[in-house]
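Listed here are the chains, written in short residue letters.
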Amino acid sequence: MHVGSKLLEEEASGRPGISFEFFPPKTAQGVQNLYDRMDRMHGLGPAFIDITWGAGGRRAELTCEMVKVAQTVYGLETVMHLTCTDMPREKIDAALEAAYNAGCTNILALRGDPPREREKWEAAEGGFRYAKDLVRYIREKYGNHFDIGVGGYPEGADDNRDVDLLIDHLKEKVDAGSSFIITQMFYDVDNFLNWVQKCRDRGIKVPIVPGIMPISTYSAFIRRSNWTKIRIPPEWLEALEPVKNDDAQVRNIGTQLVADMCRKLLNSGKIHHLHFYTMNLAQATRMILEELKLTPSEEMPLYKPLPWRQSLGLRRRTEDVRPIFWRNRHTSYIARTQTWDEYPNGRWTDSRSPAFGELDTYGVGLKGTNEENVKLWGEPQSLKDLSDIFIRYLEGKLERLPWSDTPITAETDVIKPDLIDLNRRGFLTINSQPAVNGAKSSHPVYGWGPRNGYVYQKAYLELLVPPDVVGELIARIEKNDDLTYYCVSKTGELRMRNGEGPNAVTWGIFASKEIIQPTIVESISFMAWKDEAYLLGDEWAKCYPAESASRKLIQRIMDEWYLINIVNNDFHKTHDIFHLFQGLSVKNIDQRVEAEPADGEAATNAASA
């Protein structure tokens, strides 16, 4: 969706909007850490994010890649910065094409700052001298595909301190085709609001979004203010100077100062959206939003159009059906289906065509380094040790498992005792959901979709089961006509009672809309998930040395145990699935696996024998 349209909707609704700016990190690990942070900050409900562009397109490929990932994987409406500086026309065209192919529909067109080795700004040969020229070019080449934003400078730009002249230039950029303005940071609210009024008087009618810079440390606060040559109100310095060496105090006082500034902006009636320069950090921004009561809450939860994170990638915006197997592996699902040949249908009416990418696609494998994973999950040497790891995850004491990239959610609370009991008896649960019979679509835990609707779920359970129990479990399932299942081994031996067609396990009913069935179980996708599920276990085993007990234990389970999912098609009932396991448990749960001795140790033992 175009940012300009979002901003107008916020103004009409009276509910303030927020957005975040990020910049490309310098290292690969920094990029991954930022993706994780962006994913978490999605929960704060930003209307959009933007990603900066280095002078001359430095790290341009990374900017384009981050825009693509933010759009397609994390479902964040993303604005890509694009500057004129050192950018010949072919570079501009390549960047715009990359943004288009990523599903990005918003550009922030800037003149940009000169590279550090140059003293003054110069246009590249064949490039654009001013941001208004870039705006006009994008509009002529792509029509209305891109919504185009531009920068505003309430206290002057680095090379031009004439605010009135800059407003004239801003009017030219708007007339060239831009539809929203994001401003430079500031701390003087009265001056900013006077500047907004000047813009309105000059005939600039598009939404103006103030750039908000949180205060995390005193030195950074002073450095950024001096760099941008903005005015700091004297009372701010009086409050911060005495505690400048105490970062916690600076952050607490800075939060209050910036939050008060934001309140004044919103209460003015001229501003309806706040854009935060996060500096790739979360805490300072979160503190301000909490102080402003702009974070989602039980009274006003974050609106979810679907029960899973929707992708905003090219051709994926209309996707409304997803297999439940990837509930906790969102990134993997997007990566594997990026070449899905059934888009834009996405309804899974016939999934017999080859729909899934190869397993070596980015995002499919185990998250984290070997060292990080051993530290997180320890060194299990018995099935009980493994069960304890799963139980700790269910209790919220672990942030992830190999099959779950995210912490346990509140939806699991009603079945958590049953899941813990299963794991204590040696079964390893991977995915589950309780039955839901007509919860309001606004429900803080189960709700999704338009207001004043009702949502439903069938109880679902997916787990790893040892071979000596599989026969008895399937016999029990088949005695209950309401239950369907898939059971598969690592080698692909499949048993099922479900048929090959999709079985909806989540659906919603809304006024003046057809029934939406966004989560399903079906055979082709389950077999694709099977490959991934066993790969994740294999990679977990490989976190440990080849001769270790942990490696042998996990690898044996991956090689021998079955992956089973069970659906109770009577959506009024949750616990029939768990009743299946009454009296069943895994044998020798406490038996420890012995590590193989090192070669030298083995030779010594043989000699003594």
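This one's a predicted model, so the numbers in the text were calculated from it and none came from an experiment.

### Description of the overall build of the chain
1) Next: Looking only at helices and strands, the chain has 20 helices and 18 strands in total.
2) Next: Buried residues in the chain amount to 54% of all 609 residues.
3) Next: In the chain, of all internal contacts separated by at least 6 residues, the share reaching a separation of at least 24 is 74%.
4) Next: Here the chain displays about 26900 Å² of accessible surface, and carbon together with sulfur accounts for 48% of that area.

### Focus: the pattern of salt bridges
1) Next: The final tally for this structure, using the stated rule, is 29 salt bridges.
2) Next: Its salt-bridge partner being Glu291, residue Arg263 comes within 3.0 Å of it at the nearest N-O pair. Here Glu291 lies in helix H11 (residues 283–292) and Arg263 lies in helix H10 (residues 247–267), a separation of 28 residues in the sequence.
3) Next: Put simply, Arg329, Arg336, Asp405 and Glu532 are held in one network by salt bridges that share partners.

### Some remarks on the pairing of strand S2 (residues 48–51)
Remember that side chains alternate between the two faces of the sheet whenever the strand is regular.
1) Next: Where burial is concerned, the two faces of S2 agree: the one with Phe48 and Asp50 and the one with Ile49 and Ile51 are both buried.
2) Next: Sheet topology places strand S1 (residues 17–22) next to S2; 4 bridges connect them, and they run parallel. Note on S2: the bridge partner recorded for Glu21 is Asp50.
3) Next: Handedness of the crossover joining S1 and S2 through helix H2 (residues 28–41): right-handed.
4) Next: Here S2 runs beside strand S3 (residues 78–83); their pairing, made up of 3 bridges, is parallel. Note on S3: the bridge partner recorded for Ile51 is Met80.

### A few points about the sheet that holds strand S5 (residues 147–152)
1) Next: Taken in spatial order, the 8 strands close into a barrel running S1-S2-S3-S4-S5-S6-S7-S8, and their pairing is parallel. When the angles between neighbouring strand axes are averaged without regard to direction, this sheet yields 30°.
2) Next: The sheet strands contacting helix H3 (residues 60–72) are S2 and S3, and the helix crosses S3 at an angle near 165°.

### Quick word on the environment of Asp388
1) Next: Tracing the chain through its elements places Asp388 in helix H14 (residues 383–394).
2) Next: A sequence separation of 35 residues divides Asp388 from Asn423, and the C-alpha atoms of the two residues are 7.7 Å apart.

### As for helix H8 (residues 218–228)
1) Next: Within the sequence span of H8, burial applies to Tyr218, Ala220, Phe221, Arg224, Ser225 and Thr228. The buried side chains of H8 occupy one side of the element, clustering within an arc of 165° when seen end-on. Facing away from the buried side of H8 by more than 90 degrees, the exposed set consists of Arg223, Asn226 and Trp227.
2) Next: Summarising the contacts, the buried residues of H8 are in contact with strand S6 (180–185), helix H9 (234–240) and H10.
3) Next: Lys229 sits one or two residues past H8 and shows a positive phi near 60°.

### A word on a nonpolar patch on the surface
1) Next: A cluster of nonpolar side chains, namely Phe23, Met279 and Leu281, defines an oily patch on the protein surface of about 240 Å² accessible area.
2) Next: Mapped onto the fold, Met279 is located in the loop between strand S8 (273–277) and H11.
3) Next: Note on Met279: relative accessible area 32%, which makes it partly exposed.

### As for the sheet that holds strand S11 (residues 436–440)
1) Next: The sheet built from 5 strands is open, its strands ordered S9-S17-S16-S12-S11 with mixed pairing. For this open sheet the edge positions go to strand S9 (322–323) and S11, each flanked by a neighbour on one side alone.
2) Next: Of the pairings in the sheet, the one linking strand S16 (residues 503–509) to strand S17 (residues 516–521) comprises 4 bridges and is antiparallel in character. Considered in S17, the bridge of Asn503 is made with Val521.

### Observations regarding the side chain of Lys173
1) Next: In this fold, Lys173 is placed in helix H6 (residues 163–176).
2) Next: In this structure, Lys173 is buried with no salt-bridge partner, the nearest side chain bearing the opposite charge being Glu172 at 8.7 Å.
3) Next: Residues within four places of Lys173 in sequence aside, it is in contact with Ala131, Lys132, Val135, Val150, Gly151, Tyr153 and Ser178.

### Comments concerning helix H15 (residues 416–424)
Residues that lie three or four places apart on an α-helix share one face, since the helix turns once every 3.6 residues.
1) Next: Considered for burial, the residues of H15 that qualify are Lys416, Leu419, Ile420, Leu422 and Asn423. Looking straight down H15, one finds that the buried residues subtend no more than 160° of arc, so they occupy a single side. Along H15, exposed side chains directed more than 90 degrees from the buried face belong to Pro417 and Arg424.
2) Next: In the core, the buried residues of H15 are packed alongside H14, strand S10 (428–433), strand S13 (459–465) and helix H19 (576–579).
3) Next: Count one or two residues on from H15 and you reach Gly426, which has phi positive near 100°.

Procedures and definitions
Residues numbered from 1 in each chain as written. Predicted model: local features only at pLDDT ≥ 70, side-chain atom pairs only at ≥ 80, totals over all residues. Heavy atoms only, no water. Helix = DSSP H or I, 4+ residues; strand = E, 2+ residues; numbered from the N terminus. Buried < 20%, exposed > 50% of the residue type's maximum accessible area, 1.4 Å probe, protein only. Contact = heavy atoms within 4.5 Å. Areas by Shrake-Rupley, 256 points an atom, 1.4 Å probe, with all protein chains shown as cover. Salt bridge = Lys/Arg side-chain N within 4 Å of Asp/Glu carboxyl O. Pairing = 2+ DSSP bridges. Right-handed = clockwise from strand over helix to strand, strands pointing away. Axes fitted to C-alpha atoms, helices over the stretch in contact; angles between N-to-C directions. Arc of directions from axis to C-beta. Patch = residues over 30% accessible without salt bridge, like charges linked within 9 Å, V, L, I, M, F, W, Y side chains within 5 Å. Lys, Arg positive; Asp, Glu negative; His and termini not counted.

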